[in-house]
Amino acid sequence: MFIHADLAPATNQMGGREAAGSAPSFSMRCIVPETIPPTERTRVVREAQRGVYDRESIHKILDEGFVCHVGFSANGQPYVIPTLFARVGDALYFHGSAASRMLRNVADGIPVCVTVTLTDGFVLARSVFNHSMNYRSVVALGKATLVDAPDEKLTALRAFTEKILPGRWNDARQPNEKELKSTSILRLPLTEVSAKIRTGPPEDDVPDYALPVWAGVIPLRLVPGAPIRDERCDASIPTPAYAAHYRRS
Ligand SMILES: Cc1cc2nc3c(=O)[nH]c(=O)nc-3n(C[C@H](O)[C@H](O)[C@H](O)COP(=O)(O)OP(=O)(O)OC[C@H]3O[C@@H](n4cnc5c(N)ncnc54)[C@H](O)[C@@H]3O)c2cc1C
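Here we summarise the structure given alongside this text. What you are looking at is a predicted structure, and each value in this text was computed from that prediction instead of being measured.

## Description of the overall build of the protein chain
Then step 1. Per the secondary structure count, the protein chain includes seven helices and 10 strands.
Then step 2. Counting across all 249 residues of the protein chain, residues that qualify as buried make up 24%.
Then step 3. Looking at the protein chain alone, contacts between residues at least 24 apart form 70% of all its contacts between residues at least 6 apart.

## Some points on the pairing of strand E5 (residues 111-124)
Then step 1. Judged from the three bridges that link them, strand E2 (residues 67-74) and E5 form a sheet pairing that is antiparallel. Following the sheet pairing, histidine 69 is matched in E5 by threonine 115.
Then step 2. With 12 bridges joining them, E5 and strand E6 (residues 132-143) adopt antiparallel strand pairing. Bridge pairing in E6 places threonine 117 opposite serine 137.
Then step 3. Where E5 and strand E10 (residues 216-219) come together, four bridges link them in antiparallel fashion. Following the sheet pairing, phenylalanine 122 is matched in E10 by isoleucine 218.

## Brief notes about the site of the ligand
Then step 1. Around the ligand, 16 residues are found, and the nearest of them are Thr42, Val45, Arg46, Ser137 and Lys196.
Then step 2. Of all the secondary structure elements, the ones that give two or more residues to the shell around the ligand are E5, E6 and strand E9 (192-198).
Then step 3. Ranked by the residues each element gives to the shell around the ligand, the list is headed by E6, at five residues.
Then step 4. Its residues assigned to classes, the shell around the ligand comprises seven nonpolar, five polar and four charged.

## Concerning helix H4 (residues 150-164)
Then step 1. Compared with an ideal rise of 1.5 Å per residue, which puts 15 residues at 21 Å, H4 spans 22 Å between its outermost C-alpha atoms and is within 8% of the ideal.
Then step 2. Within the sequence span of H4, burial applies to Lys153, Ala156, Leu157 and Phe160. The arc enclosing the buried residues of H4, seen along the axis, measures out at 95°, which places them on a common side.

## A word on the environment of arginine 101
Then step 1. With respect to the helices and strands, the residue arginine 101 is situated in helix H3 (residues 101-106).
Then step 2. Here the alpha-carbon distance between arginine 101 and isoleucine 81, two residues 20 residues apart in the chain, equals 9.6 Å.
Then step 3. When sequence neighbours within four positions are dropped, the list of residues in contact with arginine 101 reads Ala74 and Tyr79.

## Quick word on unusual backbone geometry
Then step 1. Here glutamate 47, not a glycine, exhibits a phi torsion of approximately 50°, which is positive.
Then step 2. Examined against the element boundaries, glutamate 47 turns out to sit in the loop between helix H1 (16-21) and strand E1 (51-52).
Then step 3. Looking at glutamate 47, the number of C-beta atoms within 10 Å reads 13, which means it is partly exposed.
Then step 4. Non-glycine residue asparagine 75 carries a positive phi angle of around 50°.
Then step 5. You can call asparagine 75 exposed: it has 5 C-beta atoms within 10 Å.

About the criteria used
Residues numbered from 1 in each chain as written. Predicted model: local features only at pLDDT ≥ 70, side-chain atom pairs only at ≥ 80, totals over all residues. Helix = DSSP H or I, 4+ residues; strand = E, 2+ residues; numbered from the N terminus. Buried ≥ 20, exposed ≤ 12 C-beta atoms within 10 Å, placed from the backbone. Contact = placed C-beta atoms within 7 Å. Pairing = 2+ DSSP bridges. Near = placed C-beta within 6 Å. Nonpolar A, V, L, I, M, F, W, Y, C, P; charged D, E, K, R; others polar. Expected span 1.5 Å × (residues − 1). Arc of directions from axis to C-beta.

Below you can see the structure in the form of structure tokens.
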């Protein structure tokens, strides 16, 4: 389930001792991933070997996540607001009511920090101190700007819908002029961005490996339940496949 295992140097994917003890190895395909150079602000400091800066890996994490957290400061107070988002090319789009504090403030062009987190597993070490999580996360910094062009607005809205439920955009009624007006869309170029990935087993202190304590990983994944028909939905309308067999790819 973990991404780009055959693309990047091993030191970019495997945390801790495993990576430290092994030489960087490349796959037979020798594909060199395109890197978004880390800046002073986006270089991962702690467990730096878990920092990932290649565009493909970053895009894959963003495309698998559907909720981002947008951090911004207004009148000296930091806010971190969860919201839906989509990536289109090298930009992130997020949206909300034109009246929301986030949109009112961020639309003026203030700096934002957008994070996306995928939780892949609980890591149970032999000591409490070394417990951890397997995860893939992205941090993107920059200035988000308001999208004015109706075409770009529609492209972003379509991307929000299609990334979660491919096929839904064409099945449902599409936004009318009034709805489009009341929805603000913001665009954040992916120019200053980092990913951090932890995979693999626990990393215990050497003497602790002798302890009679269970250790390992509990994998986590998001599992959809069976769809629940709205009681006002005509019973003759068939449940679409994307609802009946919903899958996160
Ligand atoms: C689910 C989850 C649980 C975590 N639990 C812990 C924990 O319990 N304790 C702990 O110390 N850390 C934890 N982390 C890691 C944490 O996110 C930070 O990476 C770490 O605390 C600080 O790293 P730093 O000193 O390099 O970051 P900072 O100096 O704070 O950041 C420097 C730059 O590194 C990049 N960066 C830092 N962290 C991330 C990240 N996670 N993803 C993408 N880019 C990043 C950003 O661009 C940031 O601007 C967790 C991460 C996740 C996703």
